[in-house]
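# Structural features, examined
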Amino acid sequence: GRIALSTKTLEPEPGDMLKDPTAVFEKAEETAQKYHERMEAERKAREEAARDIVLGLGDSLDELGVNGDEDSLQSDGAGVDPLADVSDSLDSLLS
């Protein structure tokens, strides 16, 4: 693994490190906090989008009659929701 360090995320405006590095360092804590808040909001948005996709897949499978109801189950296991385990795993990861 490689680690890359950059002051880019600490700059309130691009180029601030070149113009006034002292001001960038003085505002570093505040800027870092805003950065972390933005990253957390983006992570939550990605999780919500993923959850919507998974739930949408479940709805699509229901429309196809692959919903795990007793009426759709056959003795050989046909009709069992093939994504149930994946959906359960994703739900546990996203919650």
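Residues numbered from 1 in each chain as written. Predicted model: local features only at pLDDT ≥ 70, side-chain atom pairs only at ≥ 80, totals over all residues. Heavy atoms only, no water.

## A short note on the overall build of the protein chain
The helix and strand inventory of the protein chain stands at four helices and zero strands. In the protein chain, the order of α-helices and β-strands from amino to carboxyl end is α-α-α-α. Taking all 95 residues of the protein chain together, 12% fall into the buried category. By sequence separation, contacts in the protein chain at least 24 residues apart represent 24% of the contacts at least 6 residues apart. Accessible surface, the protein chain as shown: approximately 7700 Å² in total, 54% of it carbon and sulfur. (Helix = DSSP H or I, 4+ residues; strand = E, 2+ residues; numbered from the N terminus. Buried < 20%, exposed > 50% of the residue type's maximum accessible area, 1.4 Å probe, protein only. Contact = heavy atoms within 4.5 Å. Areas by Shrake-Rupley, 256 points an atom, 1.4 Å probe, with all protein chains shown as cover.)

## Comments concerning the side chain of D16
Relative to the assigned elements, D16 resides in helix α1 (residues 16–19). Here D16 occupies a buried position and makes no salt bridge, while the nearest side chain of opposite charge, K19, is found at 4.5 Å. At a separation of 3.0 Å, a polar atom in the side chain of D16 contacts the main-chain amide nitrogen of E13. The residues touching D16, leaving out its near neighbours within four places in the chain, are E11, P21 and V24. (Lys, Arg positive; Asp, Glu negative; His and termini not counted. Salt bridge = Lys/Arg side-chain N within 4 Å of Asp/Glu carboxyl O. Polar contact = N/O pair within 3.5 Å; in protein donor to acceptor, adjacent residues only side chain to side chain.)

## Some remarks on the pattern of salt bridges
A full pass over the atoms with the stated rule returns three salt bridges. Salt bridges sharing partners connect three or more residues here, namely E40, R43 and E47.

## As for the confidence of the model for the protein chain
For the protein chain, the mean per-residue pLDDT works out to 77, and 61% of the residues sit at or above 70. In this model residues 68–75 is a low-confidence stretch, pLDDT under 50, and it forms nine contacts with partners more than four residues away in sequence or in other chains. (pLDDT = per-residue confidence, 0-100.)

## A short note on the layout of surface pockets
Within this model, the largest pocket holds a volume of roughly 160 Å³. Lining the largest pocket we find K8, T9, E11, P12, K27, E30, T31, K34, Y35 and R38. Residue classes in the lining of the largest pocket are distributed as two nonpolar, two polar and six charged. (1 Å grid on protein atoms, 1.4 Å probe; cavity = no way out; pocket = protein on both sides within 12 Å on 5 of 7 lines; lining within 4 Å. Points joined across faces, edges and corners; volume = space filled by probe spheres on them. Nonpolar A, V, L, I, M, F, W, Y, C, P; charged D, E, K, R; others polar.)

## Section: the environment of F25
Tracing the backbone shows F25 in helix α2 (residues 21–26). Since its relative accessible area comes to 54%, F25 is described here as exposed. Residues F25 and L10, 15 residues apart in the sequence, show an inter-C-alpha distance of 7.8 Å.

## Some points on the side chain of E11
Position of E11 relative to the elements: it lies in the segment before α1. Buried charge without a partner: E11 forms no salt bridge, and the closest opposite charge is K8, 7.4 Å away. Setting aside chain neighbours within four positions, we find E11 in contact with D16, M17, L18, V24 and T31.

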